[in-house]
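Report on the structure
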Amino acid sequence: MTDQALASTAATLTVRRVNYADPRDAQALVALLDAYARDPAGGGTPLPGHVCAQLAQALQARPQAFSVIAWARDEDGTEQPVGLVNCFEGFSTFACRPLVNIHDLAVLPAWRGRRVTQQMLALVERIARERGACKLTLEVLQGNQPALRAYTREGFAGYTLDPAMGQAQFLQKLLD
């Protein structure tokens, strides 16, 4: 069944933590991340083959990593992955506690606007609280207004220490 056909049915949604060692979870993780990478919000380029082949195993080797997938189940009981969040635990020196960075958040186009993000973020928040995290962080492209609205609705806001100094900016320096 296609994404569009499944989205148009009365499917139920479940969100659960990824077991990186489970081949079905690993395949869903790679497929969802590749769909995100191909989307303009993800850069518009498919994942390289070595990433697809090694991602689940590489994440499994990092105890600070966790992922969640939203699964849609149709009337026949068939499940299809429709959303993904990849997270990494970091550390807040100011709070002397862990923090959880949401590194990737993706929802298949046919499922956008259906609160899939809200349900995935609820599980991410629960896991972060179990880890003793003081906050969740994420970055979003300025032009991705639907995602920005969803994150704002879920309580995310620009990062500031002193409003006179302005909001933090996310920067990168590529090493390869």
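Data block above holds the structure.
Rules and cut-offs
- Residues numbered from 1 in each chain as written.
- Predicted model: local features only at pLDDT ≥ 70, side-chain atom pairs only at ≥ 80, totals over all residues.
- Heavy atoms only, no water.
- Pairing = 2+ DSSP bridges.
- Helix = DSSP H or I, 4+ residues; strand = E, 2+ residues; numbered from the N terminus.
- Axes fitted to C-alpha atoms, helices over the stretch in contact; angles between N-to-C directions.
- Contact = heavy atoms within 4.5 Å.
- Buried < 20%, exposed > 50% of the residue type's maximum accessible area, 1.4 Å probe, protein only.
- Phe/Tyr/Trp six-rings, centres within 6.5 Å; stacked < 30°, edge-to-face > 60°.
- Lys NZ or Arg CZ within 6 Å of the ring centre and 35° of its normal.

1. What about the sheet that holds strand 5 (residues 136-138)?
One open sheet holds the five strands; their spatial order is 1-2-3-4-5, and the pairing between them is mixed. In this open sheet, the two strands that pair with only one neighbour each are strand 1 (12-17) and strand 5. For this sheet, the mean inter-axis angle between neighbouring strands, taken without regard to orientation, is 25°. Where strand 2 (residues 65-73) and strand 3 (residues 79-92) come together, nine bridges link them in antiparallel fashion.

2. A few points about the side chain of Ser92
Within the secondary structure, Ser92 is located in strand 3. Residue contacts for Ser92: discarding those within four places in its chain leaves Arg97, Leu99 and Cys134.

3. Some words on unusual backbone geometry
One non-glycine residue, Cys96, lies in positive phi territory at about 55°. Within the secondary structure, Cys96 sits in the loop between strand 3 and strand 4 (97-107). Here Cys96 falls in the exposed class, since its relative accessible area comes to 58%. One non-glycine residue, Arg115, lies in the positive phi region at around 65°. Along the chain, Arg115 falls in the loop between strand 4 and helix 4 (116-130). Take Arg115: its relative accessible area is 41%, and that puts it in the partly exposed class.

4. Here we look at the packing of aromatic side chains
Counted according to the given criterion, the structure contains one aromatic pair. Judged by centre distance (6.1 Å) and plane angle (65°), the ring pair of Tyr151 and Phe156 falls under edge-to-face. Residue Tyr151 is classed as buried on the basis of its relative accessible area, which comes to 8%. You can call Phe156 buried: its relative accessible area is 17%. In this structure, Arg114 packs its charged tip against the face of Trp111, placed 4.1 Å from the ring centre.

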